[in-house]
Amino acid sequence: MSKADRDKVIRLLHESEQETLDAIKNVSEAQWTFKPAPGRWSVGEVSEHILLAEGLLFAQVEKALAAPANPEWETKTKGKTEFLEEVMAPRKGRAQAPESIVPSGRMIKAEFIKKFQEIRARTLKFAETTDQPLKAHTAEHPFPVFGTLSAYQWLIYIPLHNQRHNKQIAEVMATDGYPK
């Protein structure tokens, strides 16, 4: 990983974590569980999804690194980092969350904060210290639009996904009827 790539992913990990923590800092229990409409997620559920997704996405980094280097990695992953940046954080397009990362709605805010900070610390430590060739190792994304992603792209997907859902938290908070 180049210094620029490492610096970028570390910056995004820090920024997205702080944005989440700042957004929920003063959220009451009523606000945590408020659903803007049937079938829509509450602030608490969006937060839980961010946490669950980080574990799943980091597992994809590990899966990619466990596989042999992909001799076609440059061709297979070309333009995908930019594509992720273009669609994830700005919330372009909708996706159905895989069942394994659909929130239960039972996680309280204090539990979320503790677990989120723990998992983010692990992700950050990896980003700060790895010397593995992240771009040469790949794993397939279950959504065909993404296709083959490098371990680096799976890693940067974490904060971009986090930013995407920070916007969703803000949308919930801006909904009519959101408890004051």
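It should be noted that the structure appears before, not after, this text.
Residues numbered from 1 in each chain as written. Predicted model: local features only at pLDDT ≥ 70, side-chain atom pairs only at ≥ 80, totals over all residues. Heavy atoms only, no water.

## Overview of the overall build of the chain
Part 1 of the argument: Tallying secondary structure elements over the chain gives seven helices and two strands in all.
Part 2 of the argument: Secondary structure of the chain in N-to-C order comes out as α-α-α-α-α-α-β-β-α.
Part 3 of the argument: Relative to the compact-globule value of 16 Å for 180 residues, the chain shows a C-alpha radius of gyration of 17 Å, a close match.
Part 4 of the argument: With the principal axes as the frame, the chain shows a C-alpha extent of 55 × 30 × 25 Å.
Part 5 of the argument: Per-residue burial over the chain gives 49% buried out of 180 residues.
Part 6 of the argument: The contacts in the chain between residues at least 6 apart in sequence include a share of 82% that link residues at least 24 apart.
Part 7 of the argument: In the chain, 25 side chains carry a positive charge and 24 a negative one; their mean positions are 2 Å apart. (Helix = DSSP H or I, 4+ residues; strand = E, 2+ residues; numbered from the N terminus. Rg over C-alpha atoms; globule rule 2.2 N^0.38 Å. Buried < 20%, exposed > 50% of the residue type's maximum accessible area, 1.4 Å probe, protein only. Contact = heavy atoms within 4.5 Å. Lys, Arg positive; Asp, Glu negative; His and termini not counted. Charge placed at Lys NZ, Arg CZ, Asp CG, Glu CD.)

## Section: the pattern of salt bridges
Note on pairing: side chains with opposite charge can pair once their charged atoms come close.
Part 1 of the argument: Evaluation of the coordinates by the stated rule reveals eight salt bridges.
Part 2 of the argument: Put simply, E15 and R11 hold a salt bridge, and the shortest N to O gap is 3.2 Å. One end of the pair, E15, and the other, R11, are both in helix α1 (residues 3-24), four residues apart, so they sit about a helical turn from each other.
Part 3 of the argument: The shortest N-O distance in the salt bridge between R120 and E54 comes to 2.7 Å. (Salt bridge = Lys/Arg side-chain N within 4 Å of Asp/Glu carboxyl O.)

## A closer look at the layout of surface pockets
Part 1 of the argument: As a volume, the largest pocket reaches approximately 880 Å³.
Part 2 of the argument: Lining the largest pocket we find 34 residues, and of these A95, Q96, A97, R164 and H165 sit closest to its centre.
Part 3 of the argument: Elements with a minimum of two residues in the lining of the largest pocket: α3 (43-66), α5 (80-87) and α7 (151-173).
Part 4 of the argument: Per-element tally for the lining of the largest pocket: the top contributor is α7, with seven residues.
Part 5 of the argument: Class assignment for the residues of the lining of the largest pocket results in 18 nonpolar, ten polar and six charged. (1 Å grid on protein atoms, 1.4 Å probe; cavity = no way out; pocket = protein on both sides within 12 Å on 5 of 7 lines; lining within 4 Å. Points joined across faces, edges and corners; volume = space filled by probe spheres on them. Nonpolar A, V, L, I, M, F, W, Y, C, P; charged D, E, K, R; others polar.)

## Notes on the packing of aromatic side chains
Part 1 of the argument: Within the structure shown, the criterion is met by seven aromatic pairs.
Part 2 of the argument: An aromatic cluster is defined as three or more aromatic residues linked by ring pairs; in this entry it consists of F83, F146, W154 and Y157.
Part 3 of the argument: Over the face of the ring belonging to Y152 we find K135, whose NZ or CZ atom lies 5.3 Å from the ring centre. (Phe/Tyr/Trp six-rings, centres within 6.5 Å; stacked < 30°, edge-to-face > 60°. Lys NZ or Arg CZ within 6 Å of the ring centre and 35° of its normal.)

## Some remarks on helix α6 (residues 109-129)
Part 1 of the argument: In a regular helix each residue adds 1.5 Å, so 21 residues correspond to 30 Å; α6 covers 30 Å between its end C-alpha atoms and thus fits that length.
Part 2 of the argument: Among the residues of α6, those classed as buried are K109, F112, F116, I119, R120, T123, L124, F126 and A127. In a view along the axis of α6, the buried residues occupy a sector of 155 degrees, so they form one face of it. Pointing more than 90 degrees away from the buried face of α6 are the exposed residues A110, K114, K125 and T129.
Part 3 of the argument: At its buried positions, α6 is contacted by α1, α2 (29-33), α3 and α7. (Expected span 1.5 Å × (residues − 1). Arc of directions from axis to C-beta.)

## Examining the packing of α1 against α6
Part 1 of the argument: The contact between α1 and α6 brings their axes to 10 Å, and the two run at 170 degrees. Taken together, α1 and α6 sit at an angle that is classed as roughly antiparallel. Note on element contacts: α6 touches α1 through K109, F112, I113, F116, Q117, R120, T123, L124, A127, E128 and T129, opposite R6, V9, I10, L13, H14, S16, E17, T20, L21 and I24.
Part 2 of the argument: Counted by class, the contact of α1 with α6 contains ten nonpolar, six polar and five charged residues. (Axes fitted to C-alpha atoms, helices over the stretch in contact; angles between N-to-C directions. Parallel < 35°, antiparallel > 145°, perpendicular 65-115°, else oblique.)

## Quick look at the environment of V9
Part 1 of the argument: Locating V9 in the fold gives a position in helix α1.
Part 2 of the argument: Taking the relative accessible area as the measure of exposure, V9 reaches 0% and is therefore buried.
Part 3 of the argument: Distance from V9 to L160, taken between C-alpha atoms, is 9.4 Å for residues 151 residues apart in sequence.
Part 4 of the argument: If near-sequence neighbours (up to four positions away) are discounted, V9 is found in contact with M1, A127, Y152, L155 and I156.

From the geometry alone we can't say anything about function, so treat these as descriptive.
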